[in-house]
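A closer look at the structure
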Amino acid sequence: MNDQRTNLLGLNKTQLEAFFLNLGEKPFRAAQLQKWMHQQGVIEFDAMSNVSKALRERLKEVAEIRPPTIRERFDAQDGCYKWIVEVQSGSGVEMVYIPEAGRGTLCISSQAGCSLDCSFCATGKQGFNSDLSAAEIIGQLWLANQELGIFGKRSAARITNVVMMGMGEPLLNFDNVLSAIDLMMDDNAYGLSKRRVTISTSGVVPAIERLHEYTDASLALSLHAPNDALRDQIVPINRKYPIKMLLASVKGYLDRLPDSRVATIEYILISGVNDHRQHARELAELLRDVPCKINLIPFNPFEGSAYRRSSNAAISTFRKLLLDAGYTVTIRTTRGDEIGAACGQLVGQVDDRTRRSARHLAAQAVREAAAPQPVTIR
Ligand code: SAH
Ligand code: SF4
């Protein structure tokens with residue numbers, strides 16, 4: 001096999017048109033191919049009946065359609081599925097399907113591991129291995145469609161929403177994520193509404209600042225702390241891009257959207273760390289000028305973490321203070337917990353290249369020896 005063949009799965013409309021022009025073909029071939037791949041689930045050129053035999057032969061020489069593969073699948077009692085998806089680098093990344101009344105959300109990964117090391121995140125504690133290619137990112141949606149038997153049945157669309165909240169920081173894999181997002185929203189591919197495709201970021205400010213040039217997808221911001229002193233500790237990228245700069249970039253993105261969509265502010269509630277009444281008041285003050293709704297996420301524990309989830313009473317009080325300040329507040333229900341599919345529990349199978357996982361385990365052992373039940377900020 002010729003390794004130079006182009007994987008067509010991850011090419012957005014513009015890229016696929018350029019590919020066909022390069023072959024001396026008309027650009028409309030792009031839409032034809034997209035429909036076969038992303039709406040019918042067809043990855044064999046020979047099955048594409050409206051493509052001439054000559055072109056199919058040519059395509060077989062220069063191109064391929066190669067989704068990633070599924071290594072393992074877990075089914076939760078509550079209807080959630082989690083898959084471990086094998087990517088080119090040899091890592092396993094995770095994707096999760098969450099069915100709810102009237103909609104189905106697919107949570108997908110953008111990187112194998114993550115380089116950002118947020119103190120509460122299992123993926124971050126694992127370190128970083130590689131960026132996913134655009135084909136591996138959109139390939140997760142392709143695989144989920146195949147697994148759920150959706151291809152070729154537009155009326156049975158069970159994936160209505162996609163959130164980039166799996167493993168990795170999407171805005172650190174900008175080009176590949178943006179090509180995949182184009183395909184999610186393309187009517188010749190998955191045709192999802194821009195309101196239902198969400199990029200979640202921990203705050204890569206330069207990328208947020210140029211995001212509007214490439215997409216108008218929805219934005220979620222993993223804020224998790226109402227001031228720089230605390231955010232510096234639990235979301236380390238804050239030391240580089242502090243809150244004021246971050247919120248300005250988010251407002252800039254929202255201002256340029258053609259509609260009045262708001263950002264989702266994600267806020268994990270960790271007992272004794274960021275869940276005090278004073279934190280809620282500070283948060284209410286901080287977000288006064290940011291068009292947003294707030295999504296509170298009770299911390300999901302994972303092995304090796306000393307953090308604990310906030311009590312139900314603390315969660316209720318936090319929520320009430322924000323509601324009283326006039327915010328729309330939702331609390332993310334924990335789904336897929338028993339299969340390790342809840343937010344922040346995704347670890348897949350990543351060979352850490354940063355050696356962070358080893359450092360994390362060593363540091364954890366020291367902490368445990370010093371204090372059996374610490375609930376501290378690292
Ligand atoms: N890197 C991106 C997207 C992936 S993380 C980001 O940080 O936004 C997706 C969401 O899961 C984020 O809001 C993240 O903060 C949250 N999360 C991470 N660890 C968690 C945990 N242990 N419990 C609950 N949510 C967690
Ligand atoms: Fe990376 Fe997001 Fe986890 Fe932070 S929360 S370590 S940015 S995946």
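These notes cover the structure that comes with them. (Residues numbered from 1 in each chain as written. Chains lettered and ligands numbered in written order. Predicted model: local features only at pLDDT ≥ 70, side-chain atom pairs only at ≥ 80, totals over all residues. Heavy atoms only, no water.)

**Side note on the site of ligand 1**
As a reminder, the rule being used: We define proximity as follows: a residue is near a molecule or strand when any one of its heavy atoms falls within 4 Å of that partner. Whenever a nitrogen or oxygen atom comes within 3.5 Å of another N or O atom, the pair is scored as a polar contact, on the condition that within protein one atom can donate a hydrogen and the other can accept it, and that pairs from neighbouring residues in sequence are kept only if both atoms are in side chains. Note on areas: these come from Shrake-Rupley sampling with a 1.4 Å probe, and a residue is covered only by the protein chains present in the view. Secondary structure elements follow DSSP: runs of H or I no shorter than four residues count as helices, runs of E no shorter than two count as strands, and numbering proceeds from the N terminus.
Taken together, 20 residues sit near ligand 1, with F120, S200, S222, H224 and N300 positioned nearest. G168 places a polar main-chain atom, nitrogen or oxygen, 2.9 Å from a nitrogen atom of ligand 1. Protein coverage of the free-state accessible area of ligand 1, which is 530 Å², stands at 95%. Mapped onto the shell around ligand 1, the elements with two or more residues apiece are strand 10 (197-201) and strand 12 (263-269).

**Looking at the pairing of strand 11 (residues 218-222)**
Note the cut-off: Burial here depends on accessible area, computed with a 1.4 Å probe over protein chains only, as a share of the maximum for the residue type. Under 20% is buried, over 50% is exposed, and the range in between is partly exposed. A strand pair is defined by DSSP finding two or more bridges across the two strands. Here, the term right-handed applies to a crossover whose path from the first strand over the helix to the second runs clockwise when the strands point away from the viewer.
Of all five residues making up strand 11, five are buried, and the element is well covered by its neighbours. Neither face of strand 11 is left uncovered, since the one carrying S218, A220 and S222 and the one carrying L219 and L221 both have all their residues buried. The pairing of strand 10 with strand 11 spans four bridges and is classified as parallel. Bridge pairing in strand 11 places S200 opposite A220. After leaving strand 10, the chain enters helix 7 (residues 205-211) and then returns to the sheet as strand 11, a path that is right-handed. Of the pairings in the sheet, the one linking strand 11 to strand 12 comprises three bridges and is parallel in character. Bridging across to strand 12, S222 finds its partner in E266.

**Observations regarding helix 2 (residues 28-39)**
Cut-off, in case you're wondering: Each residue after the first adds 1.5 Å to the expected span of a helix. Residues count as neighbours in contact if any of their non-hydrogen atoms are within 4.5 Å of one another.
For helix 2, with twelve residues, the first-to-last C-alpha span of 16 Å sits near the 16 Å given by 1.5 Å per residue. Counting buried residues in helix 2 gives nine out of twelve residues, a clear majority hidden from the surface. Those residues of helix 2 not exposed but buried are R29, A30, Q32, L33, Q34, W36, M37, H38 and Q39. On its buried face, helix 2 sits against helix 1 (13-22), helix 3 (53-62), helix 5 (134-147) and helix 6 (174-185). Count one or two residues on from helix 2 and you reach G41, which has phi positive near 75°.

**Topic: the sheet that holds strand 14 (residues 329-331)**
Just so we agree on the cut-off: Lines are fitted to the C-alpha atoms to define the axes, a helix being fitted only along its stretch in contact, and any angle between axes, read from their N-to-C directions, falls within 0 to 180 degrees.
A sheet is described by the order of its strands in space; here ten strands give the open sequence 3-4-5-6-9-10-11-12-13-14, paired in mixed fashion. Each end of this open sheet is capped by a strand with a single partner; those strands are strand 3 (69-75) and strand 14. The average angle at which neighbouring strand axes cross in this sheet is 20°, direction not considered. Relative to strand 4 (residues 81-86), strand 3 runs antiparallel, the two sharing six bridges. Across the sheet, the residue bridging to R73 is W83, located in strand 4.

Spatial relationships are all this shows, so hold off on functional conclusions.
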